[in-house]
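Structural characterization, general
Residue-level listing of the chains:
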Amino acid sequence: MAECKGRDQYSPSSSMDSSTHPALSTTASPCRPARQDLSTDLRLGLSLSTSPSSSSSSLHEVESIVSTPSRNQVLFNWPPIKPLLRSALAASASGHRRHRTLFVKVYMDGFPIGRKLDLLLLVGYDSLLIKLCHMFKTPITYAAVYHQQVPGVKAAHILTYEDQDGDWMMVGDVPWKLFLSSVKKLKITRAG
Amino acid sequence: MSEEDEDQAPPKRPRATPPPDQVLDNVLETVLQFLAAPRDRSAASLVCRSWHRAESATRVSLAVRNILAASPARAARRFPNAHHILLKGRPRFADFNLLPPGWAGSAFRPWAAAFASAAFPALRSLSLKRITVTDDDLDLLARSLPPSFRELSFLLCDGFSSRGLASIASHCRGLRVLDVVDCEMNEEDDEVSDWVAAFPPGPTNLESLCFECFTPQVPFAALEALVARSPRLRRLGVNQHVSLGQLRRLMALTPHLTHLGTGAFRPGDGAEDEGLDLGQILTAFSSAGRANTLVSLSGFRDLAPEYLLTIATVAAANLTSLDLSYAPVTPDQFLPFIAQCRNLETLWVLDSVRDEGLDAMASFCKKLQFLRVLPLDAHEDADELVSEIGLAAISEGCRGLRSILYFCQRMTNAAVITMSQNCPELKVFRLCIMGRHQPDHMTGEPMDEGFGAIVRNCSKLTRLSTSGRLTDRAFEYIGKYGKSVRTLSVAFAGDGDLALQHLLQGCSKLEKLEIRDCPFGDAGLLSGMHHFYNMRFVWMSGCNLTLQGCKEVARRLPRMVVELVNSQPESERTDGVDILYMYRSLEGPREDVPPFVKIL
């Protein structure tokens, strides 16, 4: 049921070392065996990272998994929302109902930190460009402009995308709906 | 109870008039009838024996906020005249899968038997919250409730099915209210009873019929016929299978509608939806709106957003309550609608509206008092849709805010402090930073100062839920300033026992304490011994309690029922306490205890 906690064998004190994570600490009470994580079933397909904690060497239960602040773990009892609401929203999110999202990563050349964008909130290439120009504060070009089918300034950056074959293509050649079904990632590269 | 007894002085000479004590009783009873607030009545009953008697005889609203705390026999002996009874069962954390099912499966049975044997002969209404009720219980009730019985409502209950509802519908003549809200009903797909058709023919007295959580489809013909013969219907909440076309037809039959649960709010495939156009929807809502009666909307279980805007111009101006918690609307869809809702007092919305949606809402809905911003994607690493910007905007715009529940991924102390300064009327502040142990994301500091400001500046605060990274200092603030706090929920916070000690020794009005996954141990627990009898319950799960500590509490407080619950019934517990749930009770430990519960 609840997530497991790794427990440190910790010298009793009432105040915590601020560098130790609170969830890893214990007071004078004996170390409890870490509980088995029953939310395993819900983690299928999600990457689970064992949190790299200093307490891993003193874990007592071999089978249990250190959870603590592991951000990849899905808890079914946190955050606290009513079960009916949770299942209704989960059903809608998984596409059983009309509302869906299509988040893709967007990187710009020279910028190691990327952004994420929900393409389903946009209605076409124009809105995509506008959104990206806002996000990255730079003029960006796509296929129609680059090849001068649509008049516009040729900007310093070109928008490209990675399709399902792993190829990097210039954005704008295919109809929007077809683009949505094949896009995996976006990259804003320098022109020329 | 005081030992003063006004009956003691005997009359000095024969009187023609009734003895003064009986006159006093009559006067008392007459006066006490005007006293409604439960706390006032409770205080009145403690004055002396005759006040106790008079109050007990005249109490019409009985709230047993923990069904395990008092037996029906005891309640019936003391309050035989009860008209309205509220029973609450499971602790709230059971809603979040923290309590294994079957924890108190038969707690309602003795009450059902009591009602059936006319222990409360004047019973008119029964409200059940977080209680397991079986179809057999409902059948028993249906056949034996007094003719005065009018209202039955279920909130967050489970264990019954359409068969139980059918029993109620067919046997409770004169039923005015049947509300089934947020219940997990046991439905066997192929054995669904048509409880709507089970209502007897002829006009009904129904004023409120809500079944938004009912999962199977209700045959529309029967529903339409029922609504057609319920002239007093003011509140109607249909489930997600009722399409927009069907809703329109129902609305034509309910001219006095005040509360509407709209079902899917999307056109369906049936005959009722053929040729459905926006004009027809507009007419349906404007006729309800013209009488200014429709004040509350909920449902929208499969919202087609274009229709939301349609009703804005005719219905939004009168709305005081709007529940969009099942409708993932985007800011573009939300803004034009909320701009019309100038009288809104209650709003439940998903964070899909984003900070800009909240900002717009704050600029239009100046009368807002109760707000919930719920997470579309309730995971701690979901995309951030609302943030401290939304919270600050709300506090700027909605100065009269009384209650807020706000889910977000990250927060800042500054925004929380701003809210504490802008919204002095706050009675309920529940902030859920979904990322566990998340500090202030701008400064990197714990969220101590934010919550400290809330307890310091919001003097009317009675309910507080904390989240994010909190050190013992936060609890020091809560203990020092949270003098009116009655309900406190703490999760994944604190550094050690000192935090719990601050709470238990500082919050003198604390009645309900829910703690999960905090590093609090026996020392912290034991620091509250002086106060536990003043509390309704204490829940501590995932903490560092031991059997000895809990045994110590049980030993020193015999009127507390101390339950240790094993949240994983399959595996053996060796030492350490998984869940501690303790509550005061007049009845002592309950007898039907599942194997995963141990009562000390």
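Okay, so let's go over this structure. Note that the structure is a prediction, hence the values are computed from the model and not measured.

A look at the overall build of chain B
When you go through chain B residue by residue, the secondary structure sums to 20 helices and 21 strands. Relative to a compact globule of 600 residues, whose C-alpha radius of gyration would be 25 Å, chain B shows 26 Å and is just as compact. Dimensions along the principal axes, computed over C-alpha positions, put chain B at roughly 80 × 70 × 55 Å. Excluding contacts between residues fewer than 6 apart, the proportion of contacts in chain B whose partners are at least 24 apart in sequence is 72%. Approximately 23,700 Å² of chain B is accessible, and the part contributed by carbon and sulfur atoms is 51%. Both charge centroids of chain B, one from 64 positive and one from 72 negative side chains, sit 9 Å from each other.

Observations concerning the overall build of chain A
The secondary structure content of chain A amounts to 4 helices and 6 strands. Looking at chain A as a whole, 44% of its 192 residues are labelled buried. Excluding contacts between residues fewer than 6 apart, the proportion of contacts in chain A whose partners are at least 24 apart in sequence is 51%. If you sum the accessible surface of chain A, you get close to 10,400 Å²; carbon and sulfur atoms cover 56% of it.

As for the pairing of strand E12 (residues 370–374) of chain B
Residue and element names in this part refer to chain B. Both strand E11 (residues 346–350) and E12 contribute to a ladder of 5 bridges, which runs parallel. Looking at the pairing, Trp348 lines up with Arg372 of E12. Remark: the E11/helix H13 (residues 354–364)/E12 crossover connection has right-handed handedness. Sheet topology note: the E12/strand E13 (residues 403–408) ladder contains 4 bridges and is parallel. Considered in E13, the bridge of Leu371 is made with Ile404. What joins E12 to E13 is helix H14 (residues 388–397), and the crossover it makes is right-handed.

Quick notes on the pairing of strand E2 (residues 111–118) of chain A
Residue and element names in this part refer to chain A. Examined bridge by bridge, strand E1 (residues 103–108) and E2 share 5 bridges and lie antiparallel to one another. Paired with Phe103 across the strands is Asp118, a residue of E2. The hairpin turn running from E1 into E2, its antiparallel successor, is 2 residues long, and Gly110 in that turn takes a positive phi close to 90 degrees.

Some words on H14 of chain B
Residue and element names in this part refer to chain B. Within H14, 7 of the 10 residues are buried, which leaves the element mostly enclosed by the surrounding structure. The complete set of buried residues in H14 reads Glu388, Gly390, Leu391, Ala393, Ile394, Ser395 and Gly397. Where H14 is buried, its residues contact H13, E12, E13 and helix H15 (413–422).

Here we look at the side chain of Thr258 of chain B
All names here are of chain B. Within the fold, Thr258 resides in the loop between helix H9 (244–252) and strand E8 (259–262). Residue Thr258 is classed as buried on the basis of its relative accessible area, which comes to 17%. Setting aside its immediate chain neighbours within four residues, Thr258 contacts Arg234, Arg235, Thr293, Leu294, Val295 and Ser296.

Observations regarding the packing of aromatic side chains
Residues and elements named next belong to chain B. Summed over all chains, the structure comprises 20 aromatic pairs over all chains. Relative to Phe300, the ring of Phe265 lies with its centre 5.0 Å away and its plane at 70 degrees, an arrangement referred to as edge-to-face. Here the residue Phe265 occupies a position in the loop between E8 and helix H10 (278–290), and Phe300 occupies one in the loop between strand E9 (296–298) and helix H11 (305–315), the gap between them amounting to 35 residues. Taken as a pair, Phe265 and Phe300 share a single burial class, namely buried. Ring geometry for Phe537 and Tyr581: centres 5.7 Å apart, planes at 55 degrees, overall tilted. Here the residue Phe537 occupies a position in strand E18 (residues 537–541), and Tyr581 occupies one in strand E20 (residues 579–584), the gap between them amounting to 44 residues. No difference in accessibility class separates Phe537 from Tyr581, as the two residues are buried. Chaining the aromatic ring pairs together yields one cluster made of Phe93, Phe96, Trp103, Phe537, Trp539, Tyr581 and Tyr583. Here the guanidinium or amino end of Arg436 rests over the ring plane of Phe492, the centre of that ring lying 5.2 Å away.

Rules of the game
Residues numbered from 1 in each chain as written. Chains lettered and ligands numbered in written order. Predicted model: local features only at pLDDT ≥ 70, side-chain atom pairs only at ≥ 80, totals over all residues. Heavy atoms only, no water. Helix = DSSP H or I, 4+ residues; strand = E, 2+ residues; numbered from the N terminus. Rg over C-alpha atoms; globule rule 2.2 N^0.38 Å. Contact = heavy atoms within 4.5 Å. Areas by Shrake-Rupley, 256 points an atom, 1.4 Å probe, with all protein chains shown as cover. Lys, Arg positive; Asp, Glu negative; His and termini not counted. Charge placed at Lys NZ, Arg CZ, Asp CG, Glu CD. Buried < 20%, exposed > 50% of the residue type's maximum accessible area, 1.4 Å probe, protein only. Pairing = 2+ DSSP bridges. Right-handed = clockwise from strand over helix to strand, strands pointing away. Phe/Tyr/Trp six-rings, centres within 6.5 Å; stacked < 30°, edge-to-face > 60°. Lys NZ or Arg CZ within 6 Å of the ring centre and 35° of its normal.

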